[in-house]
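What follows is the residue order along each chain.
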Amino acid sequence: MMTDILQELEDRRQDARMGGGQKRIDAQHAKGKLTARERIELLLDEDSFEEYDTFVTHRCTDFGMEDNAPAGDGVVTGWGTVNGRMVYVYSQDFTVLGGSVSATHAQKICKIMDMAVQNGAPVIGLNDSGGARIQEGVDALAGYAEIFQRNIMASGVVPQISVIMGPCAGGAVYSPAMTDFIFMVKDSSYMFVTGPDVVKTVTNEQVTAEELGGASTHTRKSSVADGAFENDVEALAEVRRLVDFLPLNNREKPPVRPFFDDVNRLENSLDTLVPENANTPYDMKELIHKTADEGDFYEIQEDFAKNIITGFIRLEGQTVGVVANQPMVLAGCLDIDSSRKAARFVRFCDAFEVPILTFVDVPGFLPGTSQEYGGVIKHGAKLLFAYGEATVPKVTVITRKAYGGAYDVMASKHLRGDMNYAWPTAEIAVMGAKGATEILYRSELGDPDKIAKRTKDYEDRFANPFVAAERGFIDEVIMPHSTRKRVSRAFAALRSKKLTNPWKKHDNIPL
Ligand code: HXC
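Procedures and definitions
Residues numbered from 1 in each chain as written. Predicted model: local features only at pLDDT ≥ 70, side-chain atom pairs only at ≥ 80, totals over all residues. Heavy atoms only, no water. UniProt positions renumbered as here; feature names shortened; annotations may be inferred. Helix = DSSP H or I, 4+ residues; strand = E, 2+ residues; numbered from the N terminus. Buried < 20%, exposed > 50% of the residue type's maximum accessible area, 1.4 Å probe, protein only. Contact = heavy atoms within 4.5 Å. 1 Å grid on protein atoms, 1.4 Å probe; cavity = no way out; pocket = protein on both sides within 12 Å on 5 of 7 lines; lining within 4 Å. Points joined across faces, edges and corners; volume = space filled by probe spheres on them. Near = heavy atom within 4 Å. Polar contact = N/O pair within 3.5 Å; in protein donor to acceptor, adjacent residues only side chain to side chain. Nonpolar A, V, L, I, M, F, W, Y, C, P; charged D, E, K, R; others polar. Axes fitted to C-alpha atoms, helices over the stretch in contact; angles between N-to-C directions. Parallel < 35°, antiparallel > 145°, perpendicular 65-115°, else oblique. Left-handed = near helix turned anticlockwise from the far one by under 90°. Salt bridge = Lys/Arg side-chain N within 4 Å of Asp/Glu carboxyl O. Phe/Tyr/Trp six-rings, centres within 6.5 Å; stacked < 30°, edge-to-face > 60°. Lys NZ or Arg CZ within 6 Å of the ring centre and 35° of its normal.

Taking an unreviewed UniProt entry as the reference, the protein chain is identified by name as Propionyl-CoA carboxylase beta chain belonging to Marinovum algicola. The heading Sequence similarities (unreviewed entry) in the UniProt record of the protein chain holds the text "Belongs to the AccD/PCCB family."

Below you can see the structure in the form of structure tokens.
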């Protein structure tokens, strides 16, 4: 009977939807976690999900696995839309064999990754897995490596986003590690290469899974993750918000969204943002919020290397990546962590045609043995390299200090900055006045009056933007209150910028 045949499809679908069964679904909920399908529902626009490979099962016959072959094999895959824009998604189902990765589970993921690259849409991976399926041995490892290879090939072609929503251990961490953004859910996710038991055996350190690889560890200490969220619902909502800023692939411009914020809006409060005393900090985020359309700022790596700020805003509806020194933390200096953080962000922006806005208030690089021994030379060079190779529109505003090598690094004119602005409060020099006079007039150090005069002379000469402006290194000195307007107009003028680097296989950025 025809109706029976149709009914069979419905029954099989219903069976697949139940994953590992009600008991395991309840256990998942009891841990405060949603199921793989519930997560997809929250991530995508209503009714937009098109599932593939619902009926795929593994082909393992070892350890009695032939009697335990649930439809879908522990991962739900397909595509759907986020605010009308296409994304591919895979969502590991912990209720089915612990979401473990078999050869066929991996094939399902590879299938949607291949389609994503071919059709030019982001890949979003919702990770919740016990790792390589133990019963499958090397077949599972092979499956992982197939995913890794695709992560690498897709890098810079389509945005890849990973959300860690459960365990993610061993070699399994390396797929998310190669994606553009990693988000974690607080208290219910962890990532580590070797778990607490192995750590105890090898190094005798006693550490919990949460301490070793929880959201706090990876957003504050290791910088492996770009953001941490309270629960599954918040994490998925924030991924939607991020997707709205991103282009679908590297051949497309970022989306232009409707905006309701006057591009000519003046912010008089910015005229007094920089304090009278050059050593007093102020919050650079205020400038970012007051520049952005509707004050909307999507921060990346908010809790790591807080001396530099990275994230996305919109200007006239268009996505712009922001990099800004933060005078509130370590006086906004560059160091190993902040250089790495910003370099990776700049390279993401450049790969995906996102213009870069840089706000500069940097007293230089952080001195110290820990910095030098840690390789600040190479890490600082990452940021320099990233800015210098970037061909997207680059607009820079120096609000206060731009000293020494850090002046060069922070998207200066000399690194092909397209529009380099400075506020009247800018100080562009090799170093601060005090340090400079102590070197230049060492013999007068015993005479405080003389030194004070020398310092004053140096400040009068260099503690301003005009020496640089006279040379054309600063294109224009602008009023702080008109920053939004000036910067928006600059990006508008750069919309059809064309700049290409010489042909090469790839560069050799100091890693
Ligand atoms: C097969 C697995 C599995 C795995 C979990 N399960 N991990 N099945 N292969 N890797 C199954 C369990 O048997 C169980 O089945 C169900 O999933 C839920 O697991 P529980 O242990 O009951 O859940 P929980 O107590 O929450 O613990 C979760 C866990 C634990 C911490 C992830 O399951 C665990 O330690 N699993 C093994 C992790 C591991 O060693 N993976 C391989 C490492 S190598 P039932 O039927 O009882 O529900 C690796 C690296 C990849 O992953 C290499 C890539 C290069």
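Mapped onto the secondary structure, His379 falls in helix α14 (residues 376-389). The exposure class assigned to His379 is buried, which follows from its relative accessible area of 17%. When sequence neighbours within four positions are dropped, the list of residues in contact with His379 reads Ile336, Ser339, Arg340 and Gly374.

Its boundaries defined by the atoms lining it, the largest pocket holds a volume of some 1,600 Å³. Lining the largest pocket we find 45 residues, and of these Ser155, Arg344, Arg347, Phe348 and Ile509 sit closest to its centre. Per-element tally for the lining of the largest pocket: the top contributor is helix α12 (residues 336-351), with 10 residues.

Time to look at the site of the ligand. Close to the ligand lie 21 residues; Arg24, Gly98, Gly130, Ala132 and Ile134 are nearest. The side chain of Lys31 places a nitrogen or oxygen atom 3.3 Å from an oxygen atom of the ligand. Here Gly130 contributes a backbone N or O atom positioned 2.7 Å from a nitrogen atom of the ligand. At the level of secondary structure, the elements contributing two or more residues to the shell around the ligand comprise α5 (138-154) and β6 (167-169). In terms of residue count, the dominant contributor to the shell around the ligand is α5 (3 residues). Looking at the shell around the ligand residue by residue, the class counts come to 11 nonpolar, 7 polar and 3 charged.

Now for the packing of helix α16 (residues 433-440) against helix α17 (residues 448-462). Across the interface, α16 lies against α17 with an axial gap of 9 Å and an inter-helix angle of 120°. As summarised for this structure, α16 and α17 are arranged oblique, according to the angle between their axes. Between α16 and α17 lies a crossing whose hand is right-handed. When α16 is examined against α17, the residues Ala433, Lys434, Ala436 and Thr437 are found in contact with a partner set consisting of Ile451, Arg454, Thr455, Tyr458 and Glu459. Classifying every residue of the contact of α16 with α17 gives 4 nonpolar, 2 polar and 3 charged.

With that settled, consider the UniProt feature "domain: CoA carboxyltransferase N-terminal" (unreviewed entry) in the protein chain. The positions that UniProt labels "domain: CoA carboxyltransferase N-terminal" (unreviewed entry) are, in the present scheme, residues 2-258. Note that residues 2-258 is 40% helix and 17% strand, and that its end C-alpha atoms are spaced 49 Å apart.

The next subject is the UniProt feature "domain: CoA carboxyltransferase C-terminal" (unreviewed entry) in the protein chain. UniProt tags residues 265-505 as "domain: CoA carboxyltransferase C-terminal" (unreviewed entry). Secondary structure content for residues 265-505 is 37% helix and 19% strand, and the end C-alpha separation is 45 Å.

This paragraph deals with the pattern of salt bridges. Taken as a whole and assessed by the stated rule, the structure comprises 34 salt bridges. For Glu238, the salt bridge identified is with Arg241, shortest N-O distance 2.9 Å. Within this pair, Glu238 and its partner Arg241 are both found in helix α10 (residues 232-243), separated by 3 residues, close to a single helical turn. A relative accessible area of 18% places Glu238 in the buried class. Look at Arg241 and you get partly exposed, because its relative accessible area is 27%. When the shortest N-O distance is used, the salt bridge between Lys434 and Glu438 registers 3.2 Å. In this pair, Lys434 and Glu438 both sit in helix α16, 4 residues apart, roughly one turn of the helix. On the basis of relative accessibility, which here comes to 31%, the residue Glu438 falls in the partly exposed class. One salt-bridge network, in which partners are shared between bridges, spans Asp261, Arg265, Glu267, Asp293 and Arg484.

Applying the stated rule across the entire model yields 11 aromatic pairs. Taken together, a centroid distance of 6.3 Å and an interplanar angle of 80° make the contact between Phe181 and Phe312 edge-to-face. Taken together, the residues span a long stretch of sequence, with Phe181 in strand β7 (residues 181-185) and Phe312 in strand β11 (residues 308-315) at a distance of 131 residues. The exposure class assigned to Phe181 is buried, which follows from its relative accessible area of 3%. On the basis of relative accessible area, Phe312 is assigned to the buried category, the value being 0%. Both rings, one in Phe245 and one in Phe312, keep their centres 6.0 Å apart while their planes meet at 25°; by these two values the pair is stacked. Separated by 67 residues along the polypeptide, Phe245 in the loop between α10 and α11 (284-291) and Phe312 in strand β11 bring together distant segments of the chain. Comparing Phe245 with Phe312 shows no difference in burial state: the two are buried. By way of ring pairs, the aromatic residues Phe181, Phe245, Tyr298, Phe312, Phe345, Phe348 and Phe352 are connected into one cluster. When the ring centre of Phe245 is taken as reference, the NZ or CZ atom of Arg314 above it lies at 3.9 Å.

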